[in-house]
Amino acid sequence: MARWREFLPVTDATPFISLNEGSTPLIHSPKLSARVGRGCEVFIKYEGLNPTGSFKDRGMTMALSKAVEAGSQAVICASTGNTSAAAAAYAARAGVACIVLLPAGKIAFGKLAQAFMYGAKVVAIEGNFDDALRLVREIGETEPIAIVNSINPFRLEGQKTASFEIIEVLGDAPDIHVLPVGNAGNISAYWMGYREFHKLGRATKLPKMTGFQAAGSAPIFYGKVVEKPDTIATAIRIGNPASWDMANAAIRDSGGSIDIVTDAEILFAQQWLAANEGIFVEPASAASIAGLFKCLGSAPCATCPFPQIAEGSKIVCTVTGHGLKDPDIAREQCGSVIPAKADKTEILRLIAG
Ligand SMILES: *Cc1c(COP(=O)(O)O)cnc(C)c1O
């Protein structure tokens with residue numbers, strides 16, 4: 001990400017705490033393109049290929065760089081999982097302590113394993129993500145510990161670089177950008193990045209920002225706080241998003257939309273993407289693909305940009321995190337293994353059946 005230095009709030013005095021995050025592939029999807037039709041092309045921004053397996057690394061390289069620059073010896077975050085994995089890794093890289101506050105029992109196992117292995121102090125609270133974030137804010141007020149949640153403005157500055165990369169690859173901004181929305185930092189960051197490059201003349205247009213929340217935790221869609229958010233997509237299980245206003249502005253100003261997808265739609269999209277395009281993502285990430293399917297189906301939301309889509313439009317779907325983050329969800333969905341003797345004839349009989 002250091003190659004975007006001139007667009008980031010860094011100086012020569014800022015140490016770049018980096019694990020070579022960013023520059024993730026933008027993968028063309030022939031099957032999704034065919035589904036959209038009209039000569040449109042769909043691309044998947046595969047953020048699961050960042051060093052800790054999610055886009056959170058883009059923000060965390062900035063947050064840790066700025067925290068170290070300011071002399072912090074410790075960082076803290078509330079997390080649905082991926083923020084803690086990223087914070088723990090970059091804190092380890094920087095040589096500072098990391099404390100993560102998790103909602104007890106609601107974290108995908110891969111993410112928890114990462115926080116432990118990177119050496120973070122992991123505290124599981126009785127409460128949800130929103131409670132954890134409130135506590136982090138309170139601790140940040142009195143203790144000399146840097147907050148590295150997305151309320152830390154440097155996080156979004158780092159995350160906006162994904163838009164730069166998309167413009168770089170496509171030669172312009174896409175027409176529509178579809179992504180999952182949880183705490184709403186990412187949709188805000190992408191919009192920041194797109195506007196910045198548009199202003200500099202590096203893109204001739206701006207995409208319609210099209211966000212999807214899980215039906216059981218959709219405060220932005222419903223326009224009110226969800227007290228007990230519920231979804232299998234734990235990374236977007238958030239009832240009171242920190243970047244709510246910014247996300248609304250991005251959706252409104254871009255002519256985009258915000259809609260919901262059910263857990264069943266998310267799980268279907270997750271499996272579809274793995275089995276049809278070879279891209280394995282965690283459930284929250286599949287919300288963008290589920291959302292694309294919804295846009296193309298019979299019941300898109302009132303402001304869905306797809307019904308008016310121009311011929312040859314380019315659509316980017318961000319898939320935010322790697323499928324291996326949440327092995328339990330995958331296991332629940334998978335078929336069972338086929339037991340067999342170590343015998344060729346039997347194996348051939350079984351695989352033919
Ligand atoms: C954090 C996260 C999201 C949600 O992003 P926000 O910026 O909170 O809206 C979605 N998917 C994954 C995998 C994440 O880690």
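Just so we're clear, the structure is a prediction, and the values are computed from it rather than from any experiment.

What counts, and at which threshold
Residues numbered from 1 in each chain as written. Predicted model: local features only at pLDDT ≥ 70, side-chain atom pairs only at ≥ 80, totals over all residues. Heavy atoms only, no water. Near = heavy atom within 4 Å. Polar contact = N/O pair within 3.5 Å; in protein donor to acceptor, adjacent residues only side chain to side chain. Areas by Shrake-Rupley, 256 points an atom, 1.4 Å probe, with all protein chains shown as cover. 1 Å grid on protein atoms, 1.4 Å probe; cavity = no way out; pocket = protein on both sides within 12 Å on 5 of 7 lines; lining within 4 Å. Sits in = over half its atoms within 2 Å of the grid points. Helix = DSSP H or I, 4+ residues; strand = E, 2+ residues; numbered from the N terminus. Nonpolar A, V, L, I, M, F, W, Y, C, P; charged D, E, K, R; others polar. Salt bridge = Lys/Arg side-chain N within 4 Å of Asp/Glu carboxyl O. Buried < 20%, exposed > 50% of the residue type's maximum accessible area, 1.4 Å probe, protein only. Pairing = 2+ DSSP bridges. Axes fitted to C-alpha atoms, helices over the stretch in contact; angles between N-to-C directions. Contact = heavy atoms within 4.5 Å.

**Q** If you had to explain the site of the ligand to someone new, which residues and values would you point to?
**A** Surveying the vicinity of the ligand reveals 16 residues, the closest of which are Lys56, Asn82, Asn183, Asn186 and Thr320. Contacts to the ligand include asparagine 82, whose side-chain N or O atom sits 2.7 Å from an oxygen atom. Here an oxygen atom of the ligand and a backbone polar atom of asparagine 183 are 2.7 Å apart. In the complex, 96% of the free accessible area of the ligand, which totals 380 Å², lies under the protein chains. When atom positions are compared with the pocket grids, the ligand is found to occupy the largest cavity. For the shell around the ligand, the secondary structure elements donating two or more residues are helix H8 (185-199) and helix H12 (283-296). Tallied by class, the residues present in the shell around the ligand amount to 6 nonpolar, 8 polar and 2 charged.

**Q** Just give me the short version of the pattern of salt bridges, but keep the residues and values in it.
**A** Side-chain pairs of opposite charge can arise whenever the charged atoms involved come near each other. As enumerated under the stated definition, the model contains 15 salt bridges in all. A salt bridge links arginine 58 to glutamate 165, with the nearest nitrogen and oxygen atoms 2.9 Å apart. Taken together, the residues span a long stretch of sequence, with arginine 58 in helix H2 (residues 56-69) and glutamate 165 in helix H7 (residues 161-170) at a distance of 107 residues. Assigned by exposure class, arginine 58 and glutamate 165 land together as buried. Between lysine 294 and aspartate 259 there is a salt bridge, and its shortest N-O distance comes to 3.2 Å. With lysine 294 in helix H12 and aspartate 259 in strand S9 (residues 257-261), this pair connects stretches of sequence that are 35 residues apart. A single burial state applies to lysine 294 and to aspartate 259, both of which are buried. A single network of salt bridges, built from pairs that share partners, joins Lys45, Glu47, Arg58 and Glu165.

**Q** Explain the sheet that holds strand S2 (residues 41-46) to me, using residue names and the numbers behind them.
**A** Judged by pairing direction, the sheet is mixed, and its 6 strands sit side by side in the order S1-S2-S10-S7-S8-S9 without closing on themselves. Among the strands making up the open sheet, the edge pair consists of strand S1 (26-29) and S9. Shown here is a sheet whose adjacent strand axes are inclined to one another by a mean of 25 degrees, direction ignored. Bridge count for S1 against S2 is 4 bridges, and the pairing is antiparallel. From the neighbouring strand, isoleucine 27 faces S2, where its bridge partner is isoleucine 44. Lying on the sheet, helix H10 (residues 244-254) is in contact with strand S8 (208-214) and S9; it crosses S8 at an angle near 135 degrees.

**Q** Give a description of the side chain of aspartate 259 that names residues and reports values.
**A** Take aspartate 259: its relative accessible area is 3%, and that puts it in the buried class. Polar side-chain contacts of aspartate 259 include one of 3.2 Å to the side chain of lysine 294.

**Q** Tell me about the environment of glycine 323, and please be specific about residues and values.
**A** Take glycine 323: it is sitting in the loop between strand S10 (314-319) and helix H13 (327-333). For glycine 323, a relative accessible area of 0% puts it in the buried group. Sequence separation of glycine 323 and leucine 135 is 188 residues, and the distance between their C-alpha atoms is 29 Å. Filtering out sequence-adjacent residues up to four positions away, glycine 323 remains in contact with Phe280, Val281 and Glu282.

**Q** So, unusual backbone geometry: which residues are in play, and what are the values?
**A** Positive phi, close to 55 degrees, is recorded for arginine 38, a residue that is not glycine. Among the secondary structure elements, arginine 38 is positioned in the loop between helix H1 (30-36) and S2. Positive phi, close to 75 degrees, is recorded for alanine 184, a residue that is not glycine. Residue position: alanine 184 is located in the loop between strand S7 (176-180) and H8.

**Q** Describe the sheet that holds strand S6 (residues 146-147), and please don't skip the residues or the numbers.
**A** Strand order in the open sheet made by the 4 strands is S5-S4-S3-S6, with parallel pairing throughout. The open sheet has two edge strands with one neighbour each: strand S5 (121-125) and S6. Note that strand S4 (residues 97-103) and S5 share 5 bridges and pair parallel. Its bridge partner lying in S5, leucine 102 is registered against alanine 124. Running over the sheet, helix H5 (residues 129-142) touches strand S3 (74-78), S4, S5 and S6 and is turned about 150 degrees from S3.

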